[in-house]
Amino acid sequence: AQIENIEKKSRRIQAACDRRKTKFSANWKKEKREIARLKNKQMKCRNELHHEITHEITQKYGKIAVEDLKIKNMTASASGTVDDSGTQVAQKSGLNRVILERGWGNLLRQLDYKSKWHGGEVIEVDPQYTSQECSQCGHVSAESRTSQVKFICVECGHSENADINAAKNILHKMEQQ
């Protein structure tokens, strides 16, 4: 909650700064310093949260399976080229912002070094089809994922929360490695 409050305040100050007629004035510089201070505070809060989460996970579990997500590829621009402009650029930039704000890379880095520190291991699993595969029969179909939350297999009729189904698939892939 604190991170979101900082983000709101930062956006409000940024908007006020953007409305200023005279750039590089004393008030403009003051607002820029305040934005930088808030961003730094937000980063520290997120980093502390990551430390708490990774500490708890590595204390409880020896083997941790994560999807080997290519964050750099996931956050690539959708703007396209000069000749072939991209589609849904605004939605993609919003998704990119959310991915980068959550700090997935930092969380995985901390998870990796802390698990080694505690004698455990982090196993990166190929993320291909983990959310579309049925954990019961193994059938892969994009139609099985009816919504962000619900998974209903079109082959066997198995119904489950989509995230739990994907987690079972990731665990199964980890065991195969």
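Our subject in this report is the structure included herewith. On a predicted model such as this, the values are computed, not experimentally measured, just so you know. (Residues numbered from 1 in each chain as written. Predicted model: local features only at pLDDT ≥ 70, side-chain atom pairs only at ≥ 80, totals over all residues. Heavy atoms only, no water.)

What to know about the overall build of the protein
Part 1 of the argument: Within the protein, the secondary structure is distributed over six helices and four strands.
Part 2 of the argument: Listing the helices and strands of the protein from first to last along the sequence gives α-α-β-α-α-α-β-β-β-α.
Part 3 of the argument: Taking 177 residues into account, the globule formula puts the C-alpha radius of gyration at 16 Å, and the protein, at 21 Å, lies well above it.
Part 4 of the argument: With respect to the principal axes defined by its C-alpha atoms, the protein has extents near 65 × 45 × 30 Å.
Part 5 of the argument: Put simply, the protein has 177 residues, and 27% of those count as buried.
Part 6 of the argument: At a minimum sequence separation of 6, the contacts of the protein that also span at least 24 residues come to 56%.
Part 7 of the argument: On the protein, roughly 12,100 Å² of surface is accessible, and the fraction owed to carbon and sulfur atoms is 53%.
Part 8 of the argument: Looking at the protein, you have 31 positive and 23 negative side-chain charges, and the mean spots of the two groups are 13 Å apart. (Helix = DSSP H or I, 4+ residues; strand = E, 2+ residues; numbered from the N terminus. Rg over C-alpha atoms; globule rule 2.2 N^0.38 Å. Buried < 20%, exposed > 50% of the residue type's maximum accessible area, 1.4 Å probe, protein only. Contact = heavy atoms within 4.5 Å. Areas by Shrake-Rupley, 256 points an atom, 1.4 Å probe, with all protein chains shown as cover. Lys, Arg positive; Asp, Glu negative; His and termini not counted. Charge placed at Lys NZ, Arg CZ, Asp CG, Glu CD.)

Comments concerning helix α6 (residues 162–176)
Part 1 of the argument: Taking 1.5 Å as the rise per residue, α6 with 15 residues should run 21 Å; its terminal C-alpha atoms sit 21 Å apart, in good agreement.
Part 2 of the argument: Of the residues making up α6, those classed as buried are Ala 162, Asn 165, Ala 166, Asn 169, Ile 170, Lys 173 and Met 174.
Part 3 of the argument: Residues of α6 that are buried sit in contact with β1 (63–67), β2 (121–125), β3 (150–152) and β4 (159–161).
Part 4 of the argument: The backbone nitrogen of Asp 163 has a side-chain oxygen 2.8 Å away, supplied by the residue at the start of α6, namely Asn 161. (Expected span 1.5 Å × (residues − 1). Polar contact = N/O pair within 3.5 Å; in protein donor to acceptor, adjacent residues only side chain to side chain.)

Concerning the pattern of salt bridges
Part 1 of the argument: Scanning all chains against the criterion turns up nine salt bridges.
Part 2 of the argument: Here Lys 60 ties to Glu 56 by a salt bridge, and the two come within 3.5 Å at their closest N and O atoms. Taken together, the residues span about one helical turn, with Lys 60 and Glu 56 both in helix α2 (residues 26–60) at a distance of four residues.
Part 3 of the argument: Three or more residues joined by partner-sharing salt bridges are found here, namely Glu 7, Arg 11 and Lys 39. (Salt bridge = Lys/Arg side-chain N within 4 Å of Asp/Glu carboxyl O.)

Examining helix α1 (residues 2–19)
Part 1 of the argument: Helix length check: α1, at 18 residues, gives a terminal C-alpha distance of 26 Å against a target of 26 Å (1.5 Å per residue), a fit within 8%.
Part 2 of the argument: Every buried residue belonging to α1 is among Ile 3, Ile 6, Glu 7, Ser 10, Ile 13 and Cys 17, and all of these are buried. Looking straight down α1, one finds that the buried residues subtend no more than 135 degrees of arc, so they occupy a single side. Along α1, exposed side chains directed more than 90 degrees from the buried face belong to Lys 8, Arg 12 and Arg 19.
Part 3 of the argument: Buried residues in α1 make contact with α2 and α4 (89–102). (Arc of directions from axis to C-beta.)

What about a nonpolar patch on the surface?
Part 1 of the argument: On the surface, Leu 49, Ile 53, Ile 57 and Tyr 61 cluster together into a nonpolar patch covering about 340 Å² of accessible area.
Part 2 of the argument: Looking at the secondary structure, you find Tyr 61 in the loop between α2 and β1. (Patch = residues over 30% accessible without salt bridge, like charges linked within 9 Å, V, L, I, M, F, W, Y side chains within 5 Å.)

Some details on the pairing of β1
Part 1 of the argument: Residues Ile 64 and Val 66 point to one face of β1 and are all buried, whereas Lys 63, Ala 65 and Glu 67, pointing to the other face, are not buried.
Part 2 of the argument: With five bridges joining them, β1 and β2 adopt parallel strand pairing. Looking across to β2, one finds that Lys 63 is bridged to Glu 121. (Pairing = 2+ DSSP bridges.)

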